[in-house]
Amino acid sequence: MLEISLLGPLRVAGPRGEFGTTSTKIRQVLALLALESPSAVGVDRITEELWPQRPPRTALGTVQTYVYHVRKQLAAHVGSGSKLLATVRNGYLLDIDPACLDVRRFERAVREGRAALDAGRAADASARMDRALAMWRGAALADVRQGPALDAEAVRLEGLREAALELRVQADLEQEHLPEVIPELQALIRRYPLRERFHHQLVTALNRAGRRADALVAYQHTCRVLNEELGLDPSDELRRLHHLVLTGASAGAPRRTSALEHPIPA
């Protein structure tokens, strides 16, 4: 079975071994075709991706050559390159099962994890999100040169990765796994200092753990970071959480939907 992995460096494996090329342009073409499957990709769009500023006069022939090499590699390693990569009107179609692409498997796992959490199955949600996050091997499209379409996709996927982390932390918070969640959130905040949801979750976790003073310090740190880096005040939700901590009330969980504002394709 063909497997295409884009959540990290590009990796393509089939029954006969791994697809290998040192050509950055060929990797771009394959990544674009894989991410657009089962839709066709027009030659004009491939050209724009490869040469965003000024395509060469030989662009059409060069794109055809790159597609030829992709098809040849697929035939060598999968055994059906001509069937998988079809020439259609004004473009090309990589006809693969969505399960062949790690991006689609990741999106499906996140949807299932969100559904489990919404249904009150926090342990199930946490396990599903762990499996989803384990698919990542580095930055999305790490060794693929990015034109406008692939650059936008890399940004989208990183946003989904962060949302998946938030969801998995939320599932652990609902299970009261505070000794594990607190240091993880502190590490996540160092990695994503402007992601307010992680700050909210940390203040919540500290307060639930009986560390009220630390929760207040964490809130003040959040306010300082948001103001210095973005010129913003904390959200109404975070201010309400601060009030709960100040008054000694029990801090509820962050609303789940805010951790999943990046849409996940159905």
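The structure under discussion appears in the preceding block.
Residues numbered from 1 in each chain as written. Predicted model: local features only at pLDDT ≥ 70, side-chain atom pairs only at ≥ 80, totals over all residues. Heavy atoms only, no water.

**Observations concerning the overall build of the protein**
- For the protein, the count of helices and strands is eleven helices and six strands.
- On the principal axes, the C-alpha backbone points of the protein span a range of 70 × 40 × 30 Å.
- Counting every position in the protein, which comprises 266 residues, the buried fraction comes to 48%.
- Long-range contacts, defined as pairs at least 24 residues apart, comprise 65% of the intrachain contacts of the protein with a sequence gap of at least 6.
- If you sum the accessible surface of the protein, you get close to 12900 Å²; carbon and sulfur atoms cover 51% of it.
- Computing the positive centroid from 36 side-chain charges and the negative centroid from 33, the protein places the two 5 Å apart. (Helix = DSSP H or I, 4+ residues; strand = E, 2+ residues; numbered from the N terminus. Buried < 20%, exposed > 50% of the residue type's maximum accessible area, 1.4 Å probe, protein only. Contact = heavy atoms within 4.5 Å. Areas by Shrake-Rupley, 256 points an atom, 1.4 Å probe, with all protein chains shown as cover. Lys, Arg positive; Asp, Glu negative; His and termini not counted. Charge placed at Lys NZ, Arg CZ, Asp CG, Glu CD.)

**Some words on the nonpolar core**
- Counting residues in each nonpolar core, the largest one holds 78 residues, and the members touching the most others are Leu2, Ile4, Leu6 and Leu94.
- When residues no more than four places from it in sequence are discounted, the contact partners of Leu2 are Val12, Ala13, Leu74, Val78, Leu84, Ile96 and Cys100. (Core = buried A, V, L, I, M, F, W, Y, C linked by side-chain atoms within 4.5 Å.)

**Some details on the packing of helix 9 (residues 196-208) against helix 10 (residues 212-230)**
- Two numbers describe how helix 9 lies on helix 10: the axes approach to 7 Å, and their chain directions differ by 165°. The angle between helix 9 and helix 10 falls in the class roughly antiparallel. In this structure, helix 9 meets helix 10 at a crossing whose hand is left-handed. Across from Glu196, His199, Leu202, Val203, Leu206 and Asn207 in helix 9, the residues of helix 10 making contact are Arg212, Asp214, Ala215, Ala218, Tyr219, His221, Thr222 and Leu226.
- Partitioned by chemical class, the residues of the contact of helix 9 with helix 10 number seven nonpolar, four polar and three charged. (Axes fitted to C-alpha atoms, helices over the stretch in contact; angles between N-to-C directions. Parallel < 35°, antiparallel > 145°, perpendicular 65-115°, else oblique. Left-handed = near helix turned anticlockwise from the far one by under 90°. Nonpolar A, V, L, I, M, F, W, Y, C, P; charged D, E, K, R; others polar.)

**Section: the sheet that holds strand 3 (residues 17-18)**
- One open sheet holds the three strands; their spatial order is 1-2-3, and the pairing between them is antiparallel. Each edge of the open sheet carries a strand with a single partner, namely strand 1 (3-5) and strand 3.
- As defined by bridge partners, strand 1 adjoins strand 2 (residues 11-14) across three bridges and the pair is classed as antiparallel. Pairing of Ser5 across the sheet is with Arg11, part of strand 2. (Pairing = 2+ DSSP bridges.)

**Topic: the side chain of Ser126**
- By secondary structure assignment, the location of Ser126 is in helix 6 (residues 122-133).
- For Ser126, a relative accessible area of 8% puts it in the buried group.
- Setting aside residues up to four positions removed in sequence, Ser126 forms contacts with Arg168, Ala171, Asp172 and Gln175.

**Digging into the packing of helix 2 (residues 43-50) against helix 3 (residues 59-77)**
- One can describe the packing of helix 2 onto helix 3 by two numbers: an axis separation of 10 Å at closest approach and a directional angle of 95°. Classified by the angle their axes make, helix 2 and helix 3 are roughly perpendicular. Where helix 2 approaches helix 3, its residues Val43, Ile46, Thr47 and Leu50 are matched on the opposing element by Ala59, Leu60, Val63 and Tyr66.
- In terms of residue class, the contact of helix 2 with helix 3 is built from seven nonpolar, one polar and no charged.

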